Amino acid sequence: MMLPYCDTAYVTKIDRAFQADTFFPNLDEMDEWVMTEESEEQTCFDLEFCFTKYGAQVKIENMNSRRNVSAELRRKSITAVLLASCMALMTAGCAGTGGSTTASGDSGDSADSADEGKISVVTTIFPPYDFVREIARGRGRY
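Criteria and thresholds
- Residues numbered from 1 in each chain as written.
- Predicted model: local features only at pLDDT ≥ 70, side-chain atom pairs only at ≥ 80, totals over all residues.
- Heavy atoms only, no water.
- pLDDT = per-residue confidence, 0-100.
- Contact = heavy atoms within 4.5 Å.
- 1 Å grid on protein atoms, 1.4 Å probe; cavity = no way out; pocket = protein on both sides within 12 Å on 5 of 7 lines; lining within 4 Å.
- Points joined across faces, edges and corners; volume = space filled by probe spheres on them.
- Helix = DSSP H or I, 4+ residues; strand = E, 2+ residues; numbered from the N terminus.
- Nonpolar A, V, L, I, M, F, W, Y, C, P; charged D, E, K, R; others polar.
- Salt bridge = Lys/Arg side-chain N within 4 Å of Asp/Glu carboxyl O.
- Buried < 20%, exposed > 50% of the residue type's maximum accessible area, 1.4 Å probe, protein only.
- Patch = residues over 30% accessible without salt bridge, like charges linked within 9 Å, V, L, I, M, F, W, Y side chains within 5 Å.
- Areas by Shrake-Rupley, 256 points an atom, 1.4 Å probe, with all protein chains shown as cover.

**Student:** Even after reading the chapter, I still don't get the confidence of the model for the protein, so can you show me in this structure?
**Tutor:** Scored by pLDDT, the protein has a mean of 77; 71% of the residues are at 70 or more. Segment residues 101-105: pLDDT under 50, and three contacts once partners within four positions in sequence are set aside and those in other chains are kept.

**Student:** Can you help me understand the layout of surface pockets in this one?
**Tutor:** Left-over empty space is what a probe sized like a water molecule reveals as it rolls over the atoms. Empty space within the largest pocket amounts to approximately 370 Å³. Ranked by residues supplied to the lining of the largest pocket, first place goes to strand E1 (residues 8-14) with four residues. Within the lining of the largest pocket, the residues separate by chemical class into nine nonpolar, three polar and two charged.

**Student:** I would appreciate a short explanation of the pattern of salt bridges in the present structure.
**Tutor:** Opposite charge on two side chains makes pairing possible when the charged atoms of those side chains draw close. By the definition in use, this model includes four salt bridges. The salt bridge involving Lys53 is made with Glu37; its shortest N-O contact spans 3.7 Å. With Lys53 in strand E4 (residues 47-56) and Glu37 in strand E2 (residues 33-38), this residue pair connects regions lying 16 residues apart in the sequence. Judged by its relative accessible area of 23%, Lys53 is partly exposed. Residue classification places Glu37 among the partly exposed positions, given a relative accessible area of 49%. Notably, a salt bridge pairs Lys76 with Glu72, separated by 3.5 Å at the nearest N-O pair. Of the two residues, Lys76 and Glu72 are both situated in helix H1 (residues 57-93); the distance of four residues between them amounts to about one turn of the helix. Of the residues examined, Glu72 reaches a relative accessible area of 38% and is grouped as partly exposed.

**Student:** For this particular structure, what's the right way to read a nonpolar patch on the surface?
**Tutor:** Taken together, Leu83, Met87 and Met90 make up a surface patch of nonpolar side chains, about 330 Å² in accessible area. Structurally, Met90 is set in helix H1. Of the residues examined, Met90 reaches a relative accessible area of 54% and is grouped as exposed.

Put into structure tokens, the structure is as follows:
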């Protein structure tokens, strides 16, 4: 039975004894279940019945702790996103603006007249460098 995995049970109580081989457990006799709502008694033909709602005491405590954990995870997620955004902005701020500098420390603005009009390509790993060098073949600075 799935009752141990439930935190709420909706039960229709019928005021009549039926002959059967299987019965639903009586939640009124179980300590871990508490009746939270009960409707007025109703009649349909000759059957009297009422609707009841039960809550599991242990489950209610677990749900409250789950809500607290969920709220804490949300706060941590928001903090992580804000931290990542700040790191991205700080990294972007380090990129610099304006002209580039060559390995000797000269500004890229004082390039030789032979390099004017050529495309400047900068790569940090060899495969893209080699690819650009093969395609450009003397038409750019790399």
